[in-house]
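Below, each chain spelled out in residue letters.
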Amino acid sequence: MSGASPTQRAGAGLESELRAELEAMGEAGTLKSMPVLTSPQGPAVEVEGRGPVLCLCSNDYLGLAADPAVVRAGLRALVAYGAGTASVRFICGKFKPHVELERDLATFCETEAALTYVSCWNANAALLDALCDERTGVFSDRLNHASIIDGMRLARPAHKAVYEHADPEDLRRRLAEAPALGRRLIVTDGVFSMEGDLAPLPELAEIAAEHDATLIVDDSHGIGVVGETGRGALERFGLLGREDVILTGTLGKALGGAAGGFVAGGAALCAVLEQRSRPQLFSNGLPPTVAASSRQALAVLRERPGLVAELRAKTALMRAELSTAGLAPLEGESAIVPIIVGETRAAIEISRRLLDRGVYVTGFGYPVVPEGTARVRVQVSAALSEEQIADGARAIAAAATELAVAPARAGLRR
Ligand SMILES: Cc1ncc(COP(=O)(O)O)c(C=O)c1O
């Protein structure tokens, strides 16, 4: 007879169920692998057991994750403020790097104020939850980031509508059909993370104004990337500084890539969120080290605005090289360059073969993207050399061709 207690036996049952789930994913070819990096993020990363590989899938759009000034700022804050906040802000105070970063973020985003969270996931969930009451309606783009989708679930607004992707007319219809509401929130990604396209923000802002609604834009992939000076999709469309627009973003991508997120908007909004949004009340603040290195990343962007133009030029080059190599990436203005390959298994297999060739590009499949639209998502960084871009594009084309997925679905030109 086994000496295991009933609780241990129940745990073992769960473990074996989960093992079966993993095995099924393995058999279906949909199990994601997660290489271990032993170097900082950058154009070439060290992968344990493999050595250096060309990285074409990080969010380090401006190459600031290992920028010496960004790293030094974090180190200085580590020495000055220790490892972390050791408490929630309202219980034990916020740190000077929080105040400085939030002030600089507000200036950068041209808003009255900004408030940081430990991630943009948290920022989105906090914002939606805090703004929704029994008379609030939320109108969300079908392809919004998972943090918005889950944030809406958590917030349980009185009315929820999902409009077709980037379709202002469908949004208009959904607003017209909605019951009488007190507050209306229209929520969209600025740059869509899986497609790399931009939201039709001028039309959305116009509809928001017509319906006395507030437009919330999560520009995690647009900040530092889109717009003349990297202020994102709002800058691109001339919408910075509008009182009826709330911006959310991450510090975990172009702005140094560490972690953290923020809400930028009116002073009252940020004050209310600081007072009563749940992650502010029940979870530690951003580590001061991260706040300091993110602030330095903003400073680098201010001092070297040419970085954004460089990223744009390198992205155009990547698109051109992929086309020359026979692929047809989705069009777009961001640094996300997706190549649709169809089946999840194909996307994962292409990515596996690429890693064997020393090129790190992730394949995305179901449930991250709808079934049948699996893709290889290339992300460009200003830190990549032209030679790395050309090599990467050729390697991707070779792996897609090798796999002999139907050309049209592989994003290969007929
Ligand atoms: C559009 C969008 N919003 C939010 C997030 C989450 O950001 P964070 O990693 O800061 O939680 C991401 C990250 O993938 C994203 O792409």
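Residues numbered from 1 in each chain as written. Predicted model: local features only at pLDDT ≥ 70, side-chain atom pairs only at ≥ 80, totals over all residues. Heavy atoms only, no water.

Asker: What exactly am I supposed to notice about the site of the ligand here?
Answerer: What surrounds the ligand is a group of 13 residues, the closest being Cys-120, Asp-218, His-221, Thr-250 and Lys-253. A distance of 3.3 Å separates an oxygen atom of the ligand from a polar side-chain atom of His-145. A distance of 2.5 Å is found between a nitrogen atom of the ligand and a side-chain nitrogen or oxygen belonging to Asp-218. Relative to its unbound accessible area of 390 Å², the ligand is 81% covered by the protein chains. Here the ligand occupies the second largest pocket. (Near = heavy atom within 4 Å. Polar contact = N/O pair within 3.5 Å; in protein donor to acceptor, adjacent residues only side chain to side chain. Areas by Shrake-Rupley, 256 points an atom, 1.4 Å probe, with all protein chains shown as cover. 1 Å grid on protein atoms, 1.4 Å probe; cavity = no way out; pocket = protein on both sides within 12 Å on 5 of 7 lines; lining within 4 Å. Sits in = over half its atoms within 2 Å of the grid points.)

Asker: What am I meant to see in empty space enclosed by the protein here?
Answerer: Any empty space left between atoms is shown by rolling a water-sized probe over those atoms. Considering all chains together, one arrives at 2 cavities of 30 Å³ or more under this definition. When its volume is computed, the largest cavity comes out at roughly 80 Å³. In terms of lining, the largest cavity is formed by Arg-89, Thr-116, Tyr-117, Val-118, Asn-122, Pro-279, Gln-280, Ser-283, Asn-284, Gly-285 and Leu-286. Taken together, the elements giving at least two residues each to the lining of the largest cavity come down to strand E3 (113-117) and helix H11 (278-282). Across the lining of the largest cavity, the residue classes break down as 4 nonpolar, 6 polar and 1 charged. A volume near 60 Å³ is recorded for the second largest cavity. Grouping the constituent residues of the lining of the second largest cavity by class yields 6 nonpolar, 2 polar and 2 charged. (Points joined across faces, edges and corners; volume = space filled by probe spheres on them. Helix = DSSP H or I, 4+ residues; strand = E, 2+ residues; numbered from the N terminus. Nonpolar A, V, L, I, M, F, W, Y, C, P; charged D, E, K, R; others polar.)

Asker: It is not clear to me how the packing of helix H2 (residues 68-81) against helix H12 (residues 288-303) should be interpreted in this structure. Could you clarify?
Answerer: A pair of packed helices is captured by two measures, namely the crossing angle of their axes and the spacing between those axes. One way to put it is that H2 packs onto H12 with a least axis distance of 7 Å and a crossing angle of 150°. Our classification of the angle between H2 and H12 gives roughly antiparallel. The interaxial crossing formed by H2 with H12 has right-handed handedness. Each of Ala-69, Val-70, Ala-73, Gly-74, Ala-77, Leu-78 and Tyr-81 in H2 lies in contact with H12, whose residues at this interface are Pro-288, Thr-289, Ala-292, Ser-293, Gln-296, Ala-297 and Val-300. (Axes fitted to C-alpha atoms, helices over the stretch in contact; angles between N-to-C directions. Parallel < 35°, antiparallel > 145°, perpendicular 65-115°, else oblique. Left-handed = near helix turned anticlockwise from the far one by under 90°. Contact = heavy atoms within 4.5 Å.)

Asker: It is not clear to me how helix H8 (residues 201-210) should be interpreted in this structure. Could you clarify?
Answerer: Residues spaced three or four apart along an α-helix point in a common direction, a consequence of the helix completing one turn every 3.6 residues. Here H8 has its buried residues at Leu-201, Leu-204, Ala-205, Ile-207 and Ala-208. All buried residues of H8 fall inside an arc of 165° around its axis, so they share one side. Against strand E5 (159-163), helix H7 (168-177), strand E6 (183-189), strand E7 (214-218) and helix H9 (233-236) lie the buried residues of H8. Remark: Asp-212 follows H8 within two positions and exhibits a positive phi of approximately 55°. (Buried < 20%, exposed > 50% of the residue type's maximum accessible area, 1.4 Å probe, protein only. Arc of directions from axis to C-beta.)

Asker: Sorry if this is basic, but what is going on with the sheet that holds strand E12 (residues 362-364) here?
Answerer: Whether parallel or antiparallel, the strands of a sheet pair through hydrogen bonds between backbone atoms. Strand order in the open sheet made by the 3 strands is E10-E13-E12, with antiparallel pairing throughout. Looking along the sheet, the strands with just one partner apiece sit at the ends: strand E10 (336-342) and E12. Neighbour-to-neighbour, the strand axes of the sheet open up by a mean angle of 30°, direction not taken into account. Strand direction decides the pairing type here: E12 and strand E13 (residues 374-379), joined by 3 bridges, are antiparallel. Bridge pairing in E13 links Thr-362 to Arg-377. Against the sheet, helix H13 (residues 306-324) contacts E10 and E13, and its axis sits at roughly 25° relative to E10. (Pairing = 2+ DSSP bridges.)

Asker: Help me understand the domain arrangement of the chain in this model?
Answerer: Interface size is often expressed as the accessible area that is lost when the parts come together. What the domain assignment reports for the chain is domain 1 (28-57 + 305-403) and domain 2 (68-303). If you average the C-alpha positions of domain 1 and of domain 2, the two centres end up 27 Å apart. Between domain 1 and domain 2, roughly 1,500 Å² of surface is buried when both sides are summed, and carbon and sulfur atoms account for 57% of that area. The three residues of domain 1 that bury the most area against domain 2 are Pro-305, Val-308 and Glu-333, which together make up 35% of that side's buried surface. On inspection of domain 1 and its partner domain 2, the count reaches 3 salt bridges. (Domains from an automatic or database assignment. Buried area = accessible area lost by both parts, 1.4 Å probe. Salt bridge = Lys/Arg side-chain N within 4 Å of Asp/Glu carboxyl O.)

Asker: Looking at this structure, how should I read helix H6 (residues 146-155)?
Answerer: Burial in H6 covers these residues: Ser-147, Ile-148, Gly-151, Met-152 and Ala-155. The buried side chains of H6 occupy one side of the element, clustering within an arc of 135° when seen end-on. Residues of H6 that are exposed and point more than 90 degrees away from the buried face comprise Arg-153 and Leu-154. Trailing H6 by a residue or two, Arg-156 shows a phi angle of about 45°, which is positive.

Asker: What is the right way to read the nonpolar core from this model?
Answerer: Within soluble globular proteins, side chains that are nonpolar generally end up buried alongside one another. Of all hydrophobic cores here, the largest spans 84 residues; its most connected members are Leu-56, Phe-139, Ile-186, Leu-201, Leu-215 and Ile-396. The residues that make up this core include at least three from each of domain 1 (28-57 + 305-403) and domain 2 (68-303). Discounting residues that sit within four places of it in the chain, Ile-396 has contacts with Leu-56, Leu-322, Leu-327, Ile-339, Leu-354, Val-361 and Val-378. Core analysis: the next-biggest nonpolar cluster, separate from the first, contains 22 residues, Leu-115, Val-187, Val-263 and Cys-270 among them. (Core = buried A, V, L, I, M, F, W, Y, C linked by side-chain atoms within 4.5 Å.)

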